[in-house]
Amino acid sequence: MRTCLLLTVVLAVSGMAPSEAVAQHGMRGGTPMTFFVTSRPIGDGGNLGGLAGADAHCQSLAAAVGAGDRTWHAYLSTQAQPGQPAVNARDRIGAGPWYNFDGVMIASDLAHLHGDTIELARLGNNLTKQSGLTEKGQIVPGLNDYQEAVRDGDWEFVKTTPYSNRHEILTGSQLDGRAFPPGIDYTCDNWTSNRDPEPGQAQGLEGGPGRPNAQIGFPDRNGGGNGSWNSSHGTTGCSQTALVRTHGVGKLYCFAIN
Amino acid sequence: MTHTRLWIFIGPLFALTATTTVFAQGADNMPTSERIPSSLMTFFVTSEPIGNGGNLGGLAGADAHCQALAAAAGATEKTWRAYLSTQARPGQPAVNARDRIGTGPWFHSKARLLDYLGRRLNRPIISSQIHGDTLEEAQRGSNLTKEFALTEKGELVNGIGDPLPTRHDILTGSQPDGRAFPPGVDRTCNNWTSNSEGSAQVGHSDRVGNGNISWNSSHATTGCSQDDLVSWGGVGLFYCFAVD
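Conventions and cut-offs
Residues numbered from 1 in each chain as written. Chains lettered and ligands numbered in written order. Predicted model: local features only at pLDDT ≥ 70, side-chain atom pairs only at ≥ 80, totals over all residues. Core = buried A, V, L, I, M, F, W, Y, C linked by C-beta atoms within 7 Å. Buried ≥ 20, exposed ≤ 12 C-beta atoms within 10 Å, placed from the backbone. Helix = DSSP H or I, 4+ residues; strand = E, 2+ residues; numbered from the N terminus. Pairing = 2+ DSSP bridges. pLDDT = per-residue confidence, 0-100. Contact = placed C-beta atoms within 7 Å. Expected span 1.5 Å × (residues − 1). Arc of directions from axis to C-beta.

Visitor: How would you sum up the nonpolar core? Please name residues and give values.
Guide: Counting 52 residues, the largest nonpolar core has Leu76, Leu252 and Cys254 of chain A as the members making the most contacts within it. Counting residues per element, this core draws most heavily on strand E7 (residues 248–256) of chain A, at six residues.

Visitor: Give a detailed account of the pairing of E7 of chain A, specifying residues and quantitative values.
Guide: All names here are of chain A. The element E7 is largely enclosed, with a buried count of nine among its nine residues. When strand E1 (residues 35–37) meets E7, the two strands line up antiparallel, connected through three bridges. From the neighbouring strand, Phe35 faces E7, where its bridge partner is Phe255.

Visitor: Quick one: what's the story with the confidence of the model for chain A, residue by residue and with numbers?
Guide: Here chain A shows a mean pLDDT of 88. Residues at 70 or above account for 87%. Every residue in residues 1–28 of chain A scores below 50 in pLDDT, and together they form 58 contacts with partners more than four places removed in sequence or on other chains.

Visitor: An account of unusual backbone geometry is requested, with residue identities and associated values reported.
Guide: Residues Gly96 of chain A and Pro97 of chain A are joined by a peptide bond in cis, for which omega reads 0°. Tracing the backbone through its elements, the reader meets Pro97 of chain A in the loop between strand E2 (72–74) and strand E3 (98–99). With an omega of -5°, the peptide bond between Gly104 of chain B and Pro105 of chain B qualifies as cis. The topology assignment puts Pro105 of chain B in the loop between strand E2 (80–82) and helix H4 (127–130). Even without being glycine, Asn191 of chain B reaches a positive phi, approximately 55°. Looking at where Asn191 of chain B falls in the secondary structure, it is placed in helix H6 (residues 189–192).

Visitor: Tell me about helix H3 (residues 58–72) of chain B, and name the residues and values.
Guide: Residues and elements named next belong to chain B. Spanning 15 residues, H3 covers 22 Å between terminal C-alpha atoms, matching the ideal 21 Å at 1.5 Å per step. Of the residues making up H3, those classed as buried are Leu59, Ala62, Asp63, His65, Cys66, Leu69 and Ala70. End-on view of H3: buried residues confined to an arc of 155°, all on one side of the axis. Count one or two residues on from H3 and you reach Gly74, which has phi positive near 100°.

Visitor: Kindly report on helix H2 (residues 50–64) of chain A, identifying the contributing residues and their values.
Guide: All names here are of chain A. The end-to-end C-alpha distance of H2, which contains 15 residues, comes to 22 Å, matching closely the 21 Å that a straight helix rising 1.5 Å per residue would cover. Taken residue by residue, H2 has Leu51, Ala54, Asp55, His57, Cys58, Leu61 and Ala62 as its buried positions. One face of H2 carries all of its buried residues, which in axial projection span an arc of 155°. Opposite its buried face, H2 presents the exposed residues Ala52, Ser60 and Ala64, each directed more than 90 degrees away. Taken together, the buried residues of H2 touch E2, helix H6 (188–191) and E7. A positive phi of about 80° marks Gly66, the residue just after H2.

Below, the structure is given as structure tokens:
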């Protein structure tokens with residue numbers, strides 16, 4: 001177990017592709033990357049500068065590793081507001097298939113990615129801790145990676161400790177990849193808010209009236225009592241500090257649409 | 001480091017389980033966080049295979065293996081069933097794994113122990129969630145993760161990314177909904193009696209491999225010998241559930 005932990009840490013820190021670790025069952029590809037988890041967050045909690053700001057973040061991280069010739073979109077939904085229809089994350093990311101840094105296929109199409117039929121949903125897609133790599137080929141540290149009570153939920157510690165747990169990815173989406181209905185906030189006010197609940201407002205990991213909140217999922221499929229990659233639970237608020245409290249830093253899924 | 005400390009903490013508890021069952025039975029007035037893990041366990045992955053490939057001695061042999069491993073870990077008072085299906089034969093109806101294991105919910109061997117963050121998560125697995133009985137349940141998934149799928153000794157099962165040999169292929173002979181395959185193509189090593197010809201449907205205890213995250217029905221093996229199973233990334237482990 002120590003070796004496993006060490007390996008994960010070494011991979012996460014060094015930015016090496018864990019190709020040998022995923023060589024089982026002939027999963028290796030060789031196909032250009034069209035999916036990644038952002039190696040770093042924007043850093044202002046749930047304020048991403050809207051969908052445009054999030055897309056620009058995906059694009060600039062991709063460009064920094066030589067993948068800027070594609071058009072990248074963040075996997076995020078926004079909720080309907082007066083005069084502004086909802087946007088579904090699943091409608092923003094092209095048709096697939098999508099491949100990670102290693103050329104391993106994450107999903108063949110939208111139905112596979114989201115489990116549109118019960119048969120597909122029971123099997124699941126191929127997004128796992130081993131395949132959910134950043135644009136640099138790093139594993140996203142998850143549950144059981146360098147967890148330290150109290151400190152790994154503290155942004156001051158987490159931002160200087162790149163191998164501590166940070167597996168909550170912002171999506172603002174329901175299980176099927178679509179936006180939540182308007183009313184309860186699941187998108188940090190359509191990715192423009194870094195506010196936290198006011199003192200006296202209800203606390204917890206579910207959305208509630210007037211409570212800043214973002215729906216998240218886990219690339220390591222481990223947390224919240226379910227394995228959802230895109231819609232496991234909410235956050236304690238929309239500030240950077242609040243995201244970190246439940247082991248997220250504001251990372252995004254990015255997909256190439258072409 | 002955190003792991004090491006965790007195991008230093010838990011290790012002696014297992015030693016106590018093995019040596020003093022009297023202590024285990026008298027544990028009712030202990031704080032729940034200090035109870036011996038295996039006395040609350042209703043789910044585990046076998047720490048060791050039977051070792052004869054897909055020949056488990058039928059369902060009865062597999063159930064006996066579950067029972068023996070549980071007893072060795074101190075969980076003697078429960079009735080254990082292997083999570084295995086068998087396919088229909090002339091005069092012999094199919095058996096669905098999901099119908100053999102009681103109603104749950106099921107807890108692993110660390111149930112109700114404080115975790116390393118001092119939290120008492122105590123999340124079980126639930127039949128409708130692990131089988132994805134509704135579309136929403138299937139999409140959301142269950143708490144059956146690599147960290148939940150511990151052996152009766154409370155140990156992790158080696159999966160993808162861990163030191164070899166990989167042991168994550170878990171025999172089930174089942175479809176994703178927990179039911180038997182139709183008769184015809186063998187998915188159960190001839191109803192768990194073959195160690196040569198045939199094929200076994202397996203799931204992955206670490207939810208990684210073969211392009212899906214299925215715990216109970218990821219792919220089929222080619223062949224039923226012990227070597228065949230090893231070549232696919234397993235050793236012939238299976239899931240055990242307490243029915244009571």
